[in-house]
Amino acid sequence: MSAVAGASNLTAPGVAASASGPRFGTAAGRLALVRDPLRVSLFVLTILTISRVHEHYHVLEKSRPALLLVIASIGYAYLNPRYLTRTNVLRLWPMRLIAALGVLACGSVAFGISLGGSALFILNSYVKTLAYAFLIAVSIRHVRDLFTFVWAYVISCGILAFFSIFVFGIHKSSNSYVTRLANLYTYDSNDLCVVMMVGLPLTLLLLTVERSAKRWFLLLILAGISVTMARSGSRGGFLGFIAVGVAGLILVKGVSPARRLAVLAAAVFALAVGAPPGYWEQMRTILSPKDDYNYSDREGRKAVMERGIGYMSQYPAFGLGIDNFARAECTISPKIASSQLNGPLRCTAPHNSYLQAGAELGFPGLLVWASLVMGAIVAPLRLRRRLPRSWLRGSAAERFIYGATSFFPLAMIGFAVTSFFVSFAWMDPVYLMAALLTGLYVAARAQFEGVTPDSGDHSSQTALSGVAGWRVRQSEWRASITAKATRSTR
């Protein structure tokens, strides 16, 4: 958490009392989406990554659109480095922690229980998640870029809500009171709640700056998220919903208490209306955890957590190896000895992101991953204390940045609670939120200093980063060589 302490230093001391710089957005003072080819590619890539909408259309899925968009984005960024931030994102703590997780994941390959299993997971999945996060981080130059990617996530939640209400079926499982969502694609009903509880605060953030038809569209998405939470039948999702609601009443600044209560009441009403049969009976079981199968069953969460802590004790430095928890359950688990007496052996997933990080990457991995999650809650609130309070009633850009320091922590609280009940340590949402938080620091500094990417004045951004991007440094090196050669020929 020491890295978090210095996060607010991105704003210079005393700058909170100064006047703000030029206001980014349209001529009317409103924020607008950025439509250059790089941002458009990443906008669509974010929608595909979060919503998985392409998996519904087999023709689209076979063309591998996400991979094509990654290649196109990287190629365009390489050929047009002016579209990237001049800030060295590795000097900001969220991306440092992500880079540390990447290093620890590679270390776990060599020292885990299955070199091939971990290596394949990194090559096939995790490296794409890390690359996507860094690509988003280096593509945020100012508030409009940040605004664009927040919209991409919210639209993804809208798509998932539509599919959850009108496409995905619901059925009642054997160990549940509730009829819940089934036959989803990448996500199950519990996973869906993690995505939605990150998206709900981001939707509220956009509501603070959008007007007219867009506001009604966002309210429709907000209602869809609430209905989806009910149809999921997830107790972890319900706890996340409560945590986000309570935290919103306490932490959000710039929105009147009456309006906060009204929004929360509307969300609860939508959840109640969308609740399927048996939903409230299922939620009441939260109050009697010892009566639940998760407390007593060999494959329940309590037993899985105990075995996971045992794996951490056996492999404290590097863990089992990334993505090896389920393999450990069928190779070195204590339950193997009793499998002949108690039925077939199941290779159980960790069902807890914190346990997943600790068991698969060891205690260092748990520390870094938990610091990323907790730091993303605390750091924006620390940044908010450095911002001028006049931004609460300032331009749309100023209100958006100030609002992000309240709603980003809410999104991470939603993730922190719901991810406790699913295996989401290596999935995209937390890495995307780290990239957006990195972009928030960059956008706040750009707003203070009045530097736009197209103004040609990059001195302030270069001073902030300490070092420019590698291609900029390479260009400067070539220019110096050319200048020396010219002087030598005279």
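Look a little higher up for the structure.
What you see is a predicted model; the values in this text were computed from it and never measured.

Trainee: Describe in detail the overall build of the protein chain, supporting the description with residues and values.
Mentor: Secondary structure assignment for the protein chain yields 20 helices and two strands. The burial tally for the protein chain puts 54% of its 490 residues in the buried class. Once local pairs closer than 6 in sequence are excluded, the contacts in the protein chain between residues at least 24 apart make up 80%. Of the roughly 21,200 Å² of accessible surface on the protein chain, a fraction of 63% belongs to carbon and sulfur atoms.

Trainee: Account for the side chain of Arg307, naming residues and giving values.
Mentor: Residue position: Arg307 is located in helix α14 (residues 301–314). We classify Arg307 as buried; its relative accessible area is 9%. Residues in contact with Arg307, not counting those within four places in the same chain, are Arg298, Glu299, Glu329, Ser333, Pro334, Lys335 and Thr348.

Trainee: Residues and numbers for the packing of helix α7 (residues 143–166) against helix α9 (residues 212–232), please.
Mentor: Axis separation between α7 and α9 bottoms out at 8 Å; the angle between their running directions is 50°. Taken together, the axes of α7 and α9 lie oblique to each other. Judged by the twist between their axes, the crossing of α7 over α9 is left-handed. Between α7 and α9, the contacting residues are Trp151, Val154, Cys157, Gly158, Ala161, Ser164 and Ile165 on the first element and Lys214, Phe217, Leu218, Ile221, Gly224, Ile225, Val227, Thr228 and Arg231 on the second.

Trainee: Now, about a positive patch on the surface: what can you tell me, with residues and values included?
Mentor: A surface patch of like charges, here positive, comprises Arg30, Arg35, Arg211, Lys214, Lys253, Arg259, Arg389 and Arg393. Within the secondary structure, Lys253 sits in the loop between α10 (235–251) and α11 (257–274). For Lys253, a relative accessible area of 38% puts it in the partly exposed group.

Trainee: With reference to specific residues and values, describe the packing of aromatic side chains.
Mentor: The way to describe two aromatic rings as a pair is by their centre distance and the angle between their planes. Counted according to the given criterion, the structure contains 21 aromatic pairs. Between Tyr76 and Tyr83, the aromatic rings sit 5.5 Å apart at their centres with planes inclined by 40°, giving tilted as the arrangement. Ring centres of Phe168 and Tyr185 lie 5.4 Å apart, and the angle between their planes is 75°; this geometry places the pair in the edge-to-face category. Taken together, the residues span a long stretch of sequence, with Phe168 in the loop between α7 and β1 (169–172) and Tyr185 in the loop between β2 (179–182) and α8 (189–207) at a distance of 17 residues. Take Tyr185: its relative accessible area is 34%, and that puts it in the partly exposed class. Clustering of aromatic rings is evident, with ring pairs tying together Phe162, Phe163, Phe166, Phe168 and Tyr185. In this arrangement the basic side chain of Lys302 is found over the ring face of Tyr295, its NZ or CZ atom lying 5.2 Å from the centre.

Trainee: Break down the pattern of salt bridges for me, with residues and values.
Mentor: Tallying each qualifying case throughout the model produces 14 salt bridges. Glu299 is the salt-bridge partner of Arg298, the closest N and O atoms lying 3.5 Å from each other. According to the relative accessible area criterion, Glu299 is buried, its value standing at 11%. We note a salt bridge from Arg307 to Glu329, for which the minimum N-O separation is 2.8 Å. Pair noted here: Arg307 is in helix α14 and Glu329 is in helix α15 (residues 325–329), with a separation of 22 residues, a long-range link.

Conventions used here
Residues numbered from 1 in each chain as written. Predicted model: local features only at pLDDT ≥ 70, side-chain atom pairs only at ≥ 80, totals over all residues. Heavy atoms only, no water. Helix = DSSP H or I, 4+ residues; strand = E, 2+ residues; numbered from the N terminus. Buried < 20%, exposed > 50% of the residue type's maximum accessible area, 1.4 Å probe, protein only. Contact = heavy atoms within 4.5 Å. Areas by Shrake-Rupley, 256 points an atom, 1.4 Å probe, with all protein chains shown as cover. Axes fitted to C-alpha atoms, helices over the stretch in contact; angles between N-to-C directions. Parallel < 35°, antiparallel > 145°, perpendicular 65-115°, else oblique. Left-handed = near helix turned anticlockwise from the far one by under 90°. Patch = residues over 30% accessible without salt bridge, like charges linked within 9 Å, V, L, I, M, F, W, Y side chains within 5 Å. Salt bridge = Lys/Arg side-chain N within 4 Å of Asp/Glu carboxyl O. Lys, Arg positive; Asp, Glu negative; His and termini not counted. Charge placed at Lys NZ, Arg CZ, Asp CG, Glu CD. Phe/Tyr/Trp six-rings, centres within 6.5 Å; stacked < 30°, edge-to-face > 60°. Lys NZ or Arg CZ within 6 Å of the ring centre and 35° of its normal.

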